[in-house]
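Chains, contacts and geometry: an overview
These are the residues of each chain, in order.
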Amino acid sequence: MKTITLNTGAKMPLLGFGVFKIEDTSSIDVALEVGYRSIDTAAAYANEEIVGKAISSCGIPRDELFITTKLSNTAQREGRAETELDESLEKLGLDCVDLYLMHWPVPETYVQTWLTMERHFKSGKAKAIGVSNFLPRHIAEIKKHWSVIPAMNQFEMHPRLTQKPLIELCRTETIAPQSWSPLGGGKDFSFKEQLLTDDVLVSLAKKYNKTTAQIILRWNIDLGIVAIPKSVTPARIHENFDLFDFALTPEEVSAIDALNQDHRTGPDPESFHNFF
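Now for a look at the structure at hand. Position numbers for residues count from 1 along each chain, tracking the sequence in the order it is written. Predicted model: local features are reported for residues with pLDDT of at least 70 only, side-chain atom pairs are reported and counted for 80 or more only, and whole-chain, interface and lining totals are derived from all residues. Heavy atoms from the whole structure form the basis of all side-chain values; hydrogens and water molecules are not counted.

Put simply, DSSP marks the helices as runs of H or I at least four residues long and the strands as runs of E at least two long, and each gets a number from the N terminus on. Relative to the helices and strands, His158 is located in the loop between strand 8 (152-156) and helix 7 (164-172). Once residues lying within four places of it in the same chain are set aside, the contact partners of His158 are Ser181, Pro182, Gly184, Phe191, Trp219, His263 and Thr265. The contact definition used throughout considers only heavy atoms, calling two residues in contact when any of these lie within 4.5 Å.

To continue, consider the packing of aromatic side chains. One pair of aromatic rings is described through two measures. These are the centre distance and the angle between the planes. Only Phe, Tyr and Trp rings are paired, with Trp represented by its six-membered ring, and only when their centres lie within 6.5 Å; those with planes under 30 degrees apart are stacked, over 60 edge-to-face, the remainder tilted. All told, the structure shown has seven aromatic pairs when counted by the stated rule. Taken together, the aromatic side chains of Phe17, Tyr36, Phe241 and Phe244 make up a single cluster linked through ring pairs. By definition here, charges over rings are those cases where NZ of Lys or CZ of Arg is within 6 Å of the ring centre and within 35 degrees of the ring normal. A cation over a ring is seen here: Arg218 above Phe246, with NZ or CZ 5.9 Å from the ring centre.

Attention now goes to helix 2 (residues 48-57). Summary of the burial criterion: residues with accessible area below 20% of their type's maximum are buried, those above 50% are exposed, and those between are partly exposed, where the area comes from a 1.4 Å probe applied to protein chains only. For helix 2, the full list of buried residues reads Glu48, Ile50, Val51, Gly52, Ala54 and Ile55. Those residues of helix 2 hidden inside the fold are in contact with helix 1 (26-34), strand 4 (38-40), strand 5 (66-71) and helix 4 (84-92). Positive phi shows up at Gly59, right after helix 2, with a value of about 80°.

Counting buried positions along strand 8 gives five out of five residues, so the element sits mostly inside the fold. Should DSSP find at least two bridges between two strands, the strands are regarded as paired. Here strand 7 (residues 129-132) runs beside strand 8; their pairing, made up of two bridges, is parallel. Across the sheet, residue Ser132 finds its bridge partner in strand 8, namely Gln154. Once the chain exits strand 7 it traverses helix 6 (residues 136-143) before rejoining the sheet at strand 8, and the crossover so formed is right-handed. By convention, orient the strands away from the viewer: a clockwise path from the first strand over the helix to the second makes the crossover right-handed.

Below, the discussion takes up unusual backbone geometry. At Ala46, a residue that is not glycine, the phi angle is positive and equals roughly 60°. Inspection of the secondary structure assignment puts Ala46 in the loop between strand 4 and helix 2. For Ala46, a relative accessible area of 70% puts it in the exposed group. One non-glycine residue, Asp262, lies in the positive phi region at around 50°. Looking at the element boundaries, Asp262 is found in the segment after helix 12 (250-257).

The strand order 3-4-5-6-7-8-9-10 describes an open sheet built from eight strands, whose pairing is parallel. Every other strand in the sheet has two partners, leaving strand 3 (17-18) and strand 10 (226-227) as the edge strands with one partner each. Here strand 8 runs beside strand 9 (residues 176-180); their pairing, made up of five bridges, is parallel. Across the sheet, Asn153 pairs through a bridge with Pro177, a residue of strand 9.

Moving on, we get to the nonpolar core. Of all hydrophobic cores here, the largest spans 82 residues; its most connected members are Leu6, Phe17, Ile28 and Ile215. In terms of residues, this core owes the most to one element, helix 10 (residues 212-222), which gives six residues. The term nonpolar core refers to a set of buried residues drawn from Ala, Val, Leu, Ile, Met, Phe, Trp, Tyr and Cys, joined through side-chain atoms within 4.5 Å.

Next up, the structure:
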């Protein structure tokens, strides 16, 4: 497994397993058996207890696992940013998480919430802290106040939404970029189908004897972007992990970059509060 080094010095796998809407341990069990060691959950997913059960029974030493969870928007809005991490840790059965993210930049609270995140880091309950779905203006605003630089920014990113300016800014600030929905998920299934049948990706899949999904995930890795694909299908979980016997050339990476259309499949960070 390739890793990325966070600005804390910690090493994080470049490929993780997302658990959005997962309701039992079966797919997590498969992922851990296949070789995933990074699990990405959130308070808002309402499945931290399920993740906790899976990691407690897997037999893998804690120091070989990288567990991420996220502070909910509800906790921000209700003034519970100080206490929700304790609730998450109890559900996970852990005394600390490897990475704690602010799930979205709630407009009226995200700056003050970042200062709370810093206290979680300094307490040792979160070995690293970061943000999710932050645009450049959100990063610029918390930069005025931070004493701890975010270790990561997790955001939607796939070949139709390459996010190059945001990635460049993150790297300038030593913030590691991470992609959610790397295969173009969301509710727009026709979009995902169109993406996975794109001629450029199909051609590369034939060349390397891989699927187009594997080409996209390898593109993330070759860019140094942490990817967290999610699946509940054992065969797909295996397939998504089978990325480390080939690498794309710089020209092939650029050809995938050129597929960008600035197309979101998930909520826009500028207006997400209208959704949840």
